[in-house]
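Reading the structure
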Amino acid sequence: IAATRAVFRRELLLAGRNLGDTLAPAGFFAVGATLFPLGVGPSPDRLAAVAAGVAWVLALFATLSAAERAFQDEAEDGGLELLLSTAAPPSALFLAKAAALAVTAIGPLIPVAVVAALALGMPIGAAATLCIALALAAPSLASFAALGAALTIGARRRGVLIGLLTTPLLAPIVIFGASAAEAAATGMAAQAQLLLLGAIACAATPLCALAGGAAIREAVR
Amino acid sequence: MTGVNLHALANPGRFRRFAIWAAPIFGVGAILCAAPGLWLGLFTSPPDYQQGETVRIMYVHVPAAWVAMFAYACLAGAAASALVWRHPLGDVAARACAPIGAAMTAIALITGAIWGQPTWGTWWVWDARLTSVLLLFFLYLGHIALTHAFDEDARGERAAHILALVGVVNLPVIKFSVDWWNTLHQPASVSRFAAPSIHPDMLTPLLLMAAAFFLFFGWCWLTRIRAEMLSRRRRAGQRRRLEAQ
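Residues numbered from 1 in each chain as written. Chains lettered and ligands numbered in written order. Predicted model: local features only at pLDDT ≥ 70, side-chain atom pairs only at ≥ 80, totals over all residues. Heavy atoms only, no water.

A closer look at the interface of chain B and chain A
Taken together, the contacts link 22 residues of chain B with 23 residues of chain A. Run the count over chain B and chain A and you get two salt bridges. The closest approach of N and O atoms between Glu218(A) and Arg158(B), which form a salt bridge, is 2.3 Å. On inspection of chain B and its partner chain A, the count reaches five residue pairs in polar contact (both at pLDDT 80 or more). No other element matches the seven residues that helix α4 (residues 128-147) of chain B contributes to the side of chain B that touches chain A. (Contact = heavy atoms within 4.5 Å. Salt bridge = Lys/Arg side-chain N within 4 Å of Asp/Glu carboxyl O. Polar contact = N/O pair within 3.5 Å; in protein donor to acceptor, adjacent residues only side chain to side chain. Helix = DSSP H or I, 4+ residues; strand = E, 2+ residues; numbered from the N terminus.)

In structure tokens form, the structure reads like this:
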């Protein structure tokens, strides 16, 4: 337990020291959200129609770009072997890294996403639902993204590979999250989608912890 | 596989000798099932009362989809056997199975699109079943990419095993997608506990083609496993010769 907490605190500390790196995904989100009206045209109806989906897809991309850094330095300087030599089970270490990813990558995303959604014409109630949906999905988004990072430690072309591997697993989250914001935008209740997002988070986190622990162990063999 | 002890097949030498006689049996069986299946399906079975002659794509599309899902289950089984029980042939089996499954998924998607254009009026629709089968295709591609992404083969295979096991959750989603969501895709009419709701004149060629596809998958897989084992032996021999110099 102490090792897990130490890993989590260390990740947060490192993220706080390299604020430029940590806030880069949020910056990427903002840039992407700016590009969409430029590409799709400024018509408010069309933008409002796609706002929920755009926000969620950009959140996915931003999380994946943050995940690429997740196990990078440990793999390079041998910190992974040191971590695994502690008494903590590898899945707990993986969960610590995934939780840190959730806080450092998805945490800054949520306010940026809400602002971007409002800028794309989403009504305020729907933007609030989007915020809640992102928060509910943060554990599962971070778990799958960290799993992708753990599986590709030491691989060539790691960034693209993480995207290819985790997209099939993250697709349901994006579907339900965008559907929640969409439902709220049209005035319907988004409770079912939000409950499903929470359920996916509850189911995905232990599954990814198990798989991620195995992936970290494979990486040092 | 009655009478064949699967533990006995764990010995690579014994598996190689098994595959040498078993693979052609699968292949011949596939041809023996495909010939009447295609004849009945393409020529003598009745056209659908709504769709006309285009229903005949079903005799290729449905078996391909079934084998695509079955191949993923086999891939996950091979991955589990390699990771959990350290089966000596698990790595080889998984590496051999993934491209076949990917090809079958592609066939199912493409024939489905060809079928959808005249009957639904569109090549593609983002409903639950089509999307989840597309995700299955990406899972296969990701598995293949991960296997080849490392300089050391064994590392890539182990990572890919974990990915294969995590992706198994997609299989129930595909299976039940037509029950859980309102989709454009046809609901299940064969795999129900009551009698299938499809006429025997169409059911027989469908089952024959399904048997043909499954036997074809078996033939492909066994042959690819043999090929992979041979290629590993050749590479090991090359390494030994290099070291001996």
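Structure's up, so let's keep going.
Things to note about the packing of aromatic side chains
Applying the stated criterion across every chain, the model contains ten aromatic pairs over all chains. Pairing Phe18(B) with Trp21(B) gives two aromatic rings, centres 5.2 Å apart and planes at 85 degrees, and the pair type is edge-to-face. Note that Phe18(B) and Trp21(B) are positioned in helix α1 (residues 12-44) at a spacing of three residues, about one turn of the helix. According to the relative accessible area criterion, Phe18(B) is buried, its value standing at 9%. Their ring planes at 80 degrees and their centres at 5.5 Å tell us that Tyr72(B) and Tyr140(B) sit as a pair that is edge-to-face. Here the residue Tyr72(B) occupies a position in helix α2 (residues 58-83), and Tyr140(B) occupies one in helix α4, the gap between them amounting to 68 residues. Both residues of the pair, Tyr72(B) and Tyr140(B), belong to the buried class. Ring-pair connections join several aromatic residues into one group, and the members of that group are Phe70(B), Phe214(B), Phe217(B) and Trp221(B). One residue, Lys97(A), lies across the ring of Phe71(A), its end atom 4.9 Å from the ring centre. Sitting above the plane of the Phe176(B) ring, Lys175(B) keeps its charged end 5.3 Å from the centroid. (Phe/Tyr/Trp six-rings, centres within 6.5 Å; stacked < 30°, edge-to-face > 60°. Buried < 20%, exposed > 50% of the residue type's maximum accessible area, 1.4 Å probe, protein only. Lys NZ or Arg CZ within 6 Å of the ring centre and 35° of its normal.)

Digging into helix α6 (residues 170-180) of chain B
All names here are of chain B. Looking only at α6, the buried set comprises Asn170, Leu171, Ile174, Ser177 and Val178. Along the axis of α6, the buried residues cluster in a sector spanning 135 degrees; they form a single face. Close packing links the buried residues of α6 with α2 and α4. (Arc of directions from axis to C-beta.)

Thoughts on the environment of Arg232(B)
All names here are of chain B. Among the structural elements, Arg232 can be located in helix α7 (residues 200-244). Judged by its relative accessible area of 26%, Arg232 is partly exposed. Spatially, the C-alpha atom of Arg232 lies 9.3 Å from that of Val92, the residues being 140 residues apart in sequence. Discounting chain neighbours no more than four positions away, the residues touching Arg232 are Asp91, Val92, Arg95 and Glu157.

Overview of the pattern of salt bridges
Going through the model one piece at a time under the given rule, you end up with eleven salt bridges over all chains. A salt bridge links Arg156(A) to Asp151(B), with the shortest nitrogen-to-oxygen separation between them at 2.7 Å. Here Arg156(A) is found in the loop between α7 (124-151) and α8 (158-185), whereas its partner Asp151(B) is found in the loop between α4 and α5 (153-166) on a different chain. Judged by its relative accessible area of 41%, Arg156(A) falls in the partly exposed class. Residue Glu228(B) is joined to Arg95(B) by a salt bridge in which the shortest nitrogen-to-oxygen separation is 3.9 Å. With Glu228(B) in helix α7 and Arg95(B) in helix α3 (residues 90-120), the pair connects residues that are 133 residues apart, well separated along the chain. Here Glu228(B) falls in the buried class, since its relative accessible area comes to 13%. Salt bridges here are not isolated pairs; linked through shared partners, they connect Arg95(B), Asp153(B), Glu157(B), Glu228(B), Arg232(B) and Arg235(B).

Considering the state of the cysteines
Residues and elements named next belong to chain B. If you walk through the whole model with that rule in mind, you get zero disulfides over all chains. No disulfide involves Cys33; its nearest neighbouring cysteine sulfur is the one of Cys220, lying 15 Å away. Free cysteine Cys74: the closest other cysteine sulfur is in Cys97, separated by 5.5 Å. The class of Cys74 is buried, set by a relative accessible area of 13%. (Disulfide = S-S within 2.5 Å.)

Here's the deal with unusual backbone geometry
Of note in the backbone geometry, Arg157(A) takes a positive phi value of approximately 50 degrees without being a glycine. One non-glycine residue, Arg86(B), lies in positive phi territory at about 50 degrees. Overall, the relative accessible area of 59% leaves Arg86(B) in the exposed class.

Some details on the packing of α3(B) against α5(B)
All names here are of chain B. Look at α3 against α5: their axes get within 10 Å of each other, and the N-to-C directions meet at 75 degrees. Between α3 and α5, the angle is such that the two are roughly perpendicular. Along its contact with α3, which presents Gly90, Asp91, Ala94 and Arg95, the element α5 presents Asp153, Glu157 and His161. Looking at the contact of α3 with α5 residue by residue, the class counts come to one nonpolar, two polar and four charged. (Axes fitted to C-alpha atoms, helices over the stretch in contact; angles between N-to-C directions. Parallel < 35°, antiparallel > 145°, perpendicular 65-115°, else oblique. Nonpolar A, V, L, I, M, F, W, Y, C, P; charged D, E, K, R; others polar.)

Structural notes on the side chain of Thr4(A)
Residue and element names in this part refer to chain A. Among the secondary structure elements, Thr4 is positioned in helix α1 (residues 2-17). Thr4 sits in the buried class, given a relative accessible area of 16%. For Thr4, the residues in contact, after removing those within four places along its chain, are Ala88, Ala92 and Ala96.

Re the confidence of the model for chain A
In the predicted model, chain A carries a mean pLDDT of 88, and 99% of its residues have values of at least 70. No element of chain A has a lower mean pLDDT than helix α4 (residues 72-77) of chain A, at 72, and none a higher one than α7(A), at 92. (pLDDT = per-residue confidence, 0-100.)

Re the environment of Val67(B)
Position of Val67(B) among the secondary structure elements: in helix α2. Residues in contact with Val67(B), not counting those within four places in the same chain, are Met104(B), Phe213(B), Phe214(B) and Phe217(B).

Focus on α7(A)
Residues and elements named next belong to chain A. Over its 28 residues, α7 runs 39 Å from end to end, which matches the ideal 40 Å to within 8%, given 1.5 Å per residue. Residue Ala137 marks the point of greatest curvature in α7, where the axis turns by about 45 degrees; the proline Pro139 follows within four residues. Of all 28 residues making up α7, 20 are buried, and the element is well covered by its neighbours. (Expected span 1.5 Å × (residues − 1). Bend = angle between axes of the 7 residues up to and from the residue.)

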